[in-house]
Amino acid sequence: MTIRFAAATIHTTGEDVDDPSVSSESDSDYAEEDNNFEDWVSDQAQNQSCRSLFDDKAFPSATAARAHDKDVHNFDLRTISAKLELDLHQRIRLINFIRKHAPTPEDVGNLTGAETFFSSDEYLIPQIEDDPLLQLEMDDWSDDEDLSSTDQRPAPPADLPSALRQMQLLERKLAQAHRDMAEYRSLVGQQFDAGRFAEIISEPGPSSAGGLLPRDDDTHYFSSYCENDIHAVMIQDKVRTSTYASFILTNPILFRDAVVLDVGCGTGILSLLAAKSGAKHVYAVDASDIAEKAEQIVKANGLDNVITVIRGKVEEISLPDDVEHVDIIVSEWMGYALLYESMLDSVLQARDRFLKPEGGVMAPSQCRIMFGLCEGSEVLKERIGFWSDVYGFDLSVMANDVYEEAIVDVVGPESMASEPYLLKDLHIKDITTRQLDFTSQFTLVSTTPKRTKIHAFILYFDTFFTTTGEPVPPEVPVKVTKEGDVTLAEVWPVGGKAPPQRRASTGPGLKQKEDKRVTSFSTGPRSQPTHWKQTIFLLRDPIHAEDGTIVTGSFYCKKSANNSRELDVEIHYSVRQNSETTEVGETVVQIYKVR
C-alpha cells in the first residue's frame with residue numbers, strides 16, 4: 001500500500017494519457033474538487049502552527065519549524081530521511097518517534113533504519129493532533145517513487161489537447177491522493193482509535209459521527225482506594241509511614257501555624273501528623289470514597305476543628321474560607337517504578353494552584369529513580385521456569401508474555417550486579433508534568449566477582465524531604481533503613497509501647513538545624529522492603545557479564561497511550577566486555593508495560 005499526504009502542487013511527469021479529451025463537465029467537477037483539496041492542504045500544512053521536533057518553540061508553518069531545527073539543532077528531516085532511505089510510512093514513524101520519546105538530534109542522527117519502531121504500527125498514530133510535519137507537500141518529502149528532486153515545473157501547454165492531457169493526469173493523481181488518505185485513515189483506525197484519528201486530521205468521518213465517550217482512566221483508580229486492605233498495606237509499611245512521621249514531627253518550626261494541603265489523604269494519617277506537629281489548619285483532599293472514613297477518623301481523634309476533609313479531585317476543588325495559598329503540600333503520591341498511577345500529575349497541579357509562590361514547601365521535595373543490573377535468577381525461576389514443568393506438563397507458553405510486563409517484586413541486596421545509576425532526578429518544586437515522560441542514557445558497570453548471567457534490569461527510587469524544598473546535594477546519601485533501626489522505633493510504637501517523648505525546643509538554633517536536616521528513605525534492595533518493592537525488567541536473552549562488563553543504553557518512559565495511569569517503558573542497551581575493549585555488541589531493544 002502506498003500512502004501519500006496530498007500536495008498543494010503536483011508536477012506532471014509527462015506520462016501518456018490514453019483519452020486525449022475531457023468534457024467540460026468533468027473539468028468543472030475537477031476544479032471544484034481541486035479547490036477543496038487545496039483548501040485542506042493550506043489549512044493542514046501551510047497555515048498551521050508547527051512545533052520544533054527538539055524544543056517547545058512553535059512556528060507558523062512546518063517549513064519554518066524544519067528550518068529552525070536545521071539552523072539551531074543541526075538536524076534536517078529531509079536529509080535523515082534520504083540517508084536512511086525511508087518510505088512514507090517510515091518517515092511518519094520517525095516523526096512520531098521523535099515526538100514521543102524526545103531523543104537528542106545526535107541520537108536521531110545515529111539511527112540506522114533497522115530500529116524496531118520503523119516497522120511498528122504504534123508510531124503511525126500522530127503524537128500531536130494536526131501535526132503539520134505529517135502533512136508536508138510531496139515536493140518537500142521528495143518521494144523518489146513519484147517525483148525526483150530534480151523535477152522541473154513543466155512548461156505551459158502549447159495547445160488545448162496538451163492542456164487537457166495535463167489536467168486529466170493531475171485529476172488522476174489527486175484522486176489517488178484522496179484514496180491514499182482514506183486508506184491511511186482506515187489503517188490507523190483499525191490499529192488505534194478511528195474516532196480520535198478523524199479528529200486529528202479534522203475531517204469528520206463515520207467513526208466520529210456518533211461521538212465517542214471520553215476515555216475514563218480514573219474511576220477504577222479511585223475505586224481501588226476505597227477498601228481497607230490497600231490502606232493497611234501502606235500504613236503498615238514502616239519505612240514509608242515512619243519516614244513521613246519523622247519528617248513531620250521532628251520539624252515543628254516548619255509545621256507550627258502552617259496551612260497544609262494533604263493531596264490524596266486516604267485515611268488522613270499525614271493530616272493527623274501535621275495537626276499534631278502544630279499546623280494551623282490542614283485541608284485533606286481525596287477523590288475516592290475513603291474520604292468519608294477519613295472524615296470520621298478526624299472526628300474520632302478530636303481534630304475536626306483543625307482538619308477539613310474535602311471529597312473531590314484536587315484539580316477541580318476550591319479551598320474553603322477563601323484560602324488561596326497553603327504553606328506546605330504533603331502527599332504520598334509515589335507508585336511502582338515511582339511514576340505508575342500518575343498521581344504526581346495531580347500533586348503538581350495542586351502545587352501550581354495552591355502552594356504559595358515564596359517559601360512554600362513540597363513534602364517530599366525530591367525523588368531519584370535508580371537503575372541497575374540484577375542477577376535475577378530467582379525471579380526468572382519463579383516467573384518463567386515454573387511453567388516448563390507443571391505436574392509433568394509443559395505450560396511454557398504461559399511465560400511468553402512475562403517478558404513484556406515489568407515485574408514488581410522484592411529481591412535481596414546480593415542480586416544487585418552493579419552500582420545503582422541515577423536515571424532521573426525529580427525536584428518536585430520545579431518539575432513539570434511534561435518532564436514526567438522522559439528519556440535517559442545510562443551506563444552500568446558489572447560488579448560481579450565471577451562470570452555471571454544477568455537476567456534483568458532493576459529500578460527503584462529514593463525519596464528525600466527537606467524543610468526548604470531545595471535540591472539535596474548529590475553527595476548526600478539516602479537513608480538505608482534496616483530492621484530494628486532506632487529511628488524507625490522512635491516514631492513507630494513497638495510491642496504496644498508508646499514512642500519516647502521529646503521535649504519541644506524552640507531555641508534560636510532550631511530553625512538552622514531544621515533547614516539542614518534531610519529526611520529520606522530508599523526502596524532499593526539494600527533497604528528494608530517497602531510496599532513499593534522493586535521493579536524488575538526481565539531480559540529475553542541474559543547478559544553474560546564479569547567484573548567490569550559495561551552495559552550502556554537508553555531508557556524511555558512515557559504514560560501509556562491506552563491508560564494514562566500506566567507506563568510504557570522501552571530499554572535499548574548494548575554490552576562491552578570491559579573498558580579496555582572497543583568492540584560493542586548489538587543493540588537490543590525490549591518494550592515493557594508497567595501496570
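The shown structure was predicted, so the numbers you read here are calculated from the model rather than taken from an experiment.

(A) Molecular detail of the overall build of the protein. The helix and strand inventory of the protein stands at 19 helices and 17 strands. Going through the 595 residues of the protein one by one, you find that 50% of them count as buried. Sequence separation of 24 or more characterises 76% of the internal contacts of the protein that already satisfy a separation of 6 or more. Only carbon and sulfur atoms are counted for the fraction: they give 50% of the accessible area of the protein, which is about 29,400 Å².

(B) The arrangement of the environment of Ala-417 in detail. Mapping Ala-417 onto the fold places it in the loop between strand E9 (407-409) and strand E10 (421-427). A sequence separation of 45 residues divides Ala-417 from Gly-372, and the C-alpha atoms of the two residues are 7.3 Å apart. Every residue in contact with Ala-417, bar those within four places of it in the chain, is listed here: Leu-373, Cys-374, Glu-375, Val-445, Ser-446, Thr-447, Thr-448 and Ile-454.

(C) Broad picture of the sheet that holds strand E5 (residues 307-311). If you walk across this open sheet you meet the five strands as E5-E4-E3-E6-E7, and the pairing is parallel. The open sheet terminates on both sides in strands that have one partner only, identified here as E5 and strand E7 (361-363). Taking the axes of each pair of neighbouring strands and ignoring which way they run, one obtains an average angle of 20° across the sheet. One ladder, built from three bridges, connects strand E6 (residues 328-330) with E7; its direction is parallel. Across the sheet, residue Ile-329 finds its bridge partner in E7, namely Met-362. Along the sheet, helix H15 (residues 290-300) contacts strand E4 (281-286) and E5; its crossing angle with E5, the most-contacted strand, is approximately 165°.

(D) Quick peek at unusual backbone geometry. Residue Pro-364 follows Ala-363 across a cis peptide bond; omega there is 5°. Position of Pro-364 among the secondary structure elements: in the loop between E7 and strand E8 (366-374). Of note, the phi angle at Asp-257 is positive, near 65°, even though the residue is not glycine. You can call Asp-257 exposed: its relative accessible area is 58%. Even without being glycine, Glu-341 reaches a positive phi, approximately 85°. Checked against the element boundaries, Glu-341 lands in the loop between E6 and helix H16 (343-354). Residue classification places Glu-341 among the buried residues on the basis of a relative accessible area of 13%.

(E) Just the sheet that holds strand E17 (residues 588-594), in detail. If you trace the four strands from one edge of the open sheet to the other, you get E11-E15-E16-E17, paired in antiparallel fashion. At either end of the open sheet lies a strand with only one pairing partner, and these are strand E11 (438-445) and E17. The sheet shows a mean angle of 20° between the axes of neighbouring strands, direction not considered. Where E11 lies against strand E15 (residues 550-559), eight bridges are found, and the strand directions are antiparallel. Within the sheet, the bridge partner assigned to Val-445 lies in E15 and is Ile-550.

Thresholds, definitions, all that
- Sequence order as written defines the numbering, with residues in each chain counted from 1.
- Local features are withheld for residues below a pLDDT of 70 in this predicted model, meaning they are given only at 70 or higher, and side-chain atom pairs are given and counted only at 80 or more; totals for whole chains, interfaces and linings count all residues.
- Only hydrogens and water are set aside; all other atoms, that is, all heavy atoms of the structure, feed into the side-chain values.
- Going along the chain from the N terminus, every DSSP run of H or I of four or more residues is numbered as a helix, and every run of E of two or more is numbered as a strand.
- Using a 1.4 Å probe on the protein chains alone, a residue whose accessible area is under 20% of its type maximum counts as buried, one over 50% counts as exposed, and one in between counts as partly exposed.
- Any two residues having at least one pair of non-hydrogen atoms within 4.5 Å are treated as being in contact.
- Residue burial considers only the protein chains on display, and all accessible areas are found by Shrake-Rupley using a 1.4 Å probe.
- Pairing between strands is defined by DSSP: at least two bridges between the two strands are required.
- Axes here mean lines fitted to C-alpha atoms, for a helix over just the part in contact, with angles spanning 0 to 180 degrees between N-to-C directions.

Interpretation in functional terms is not warranted from these geometric data alone.
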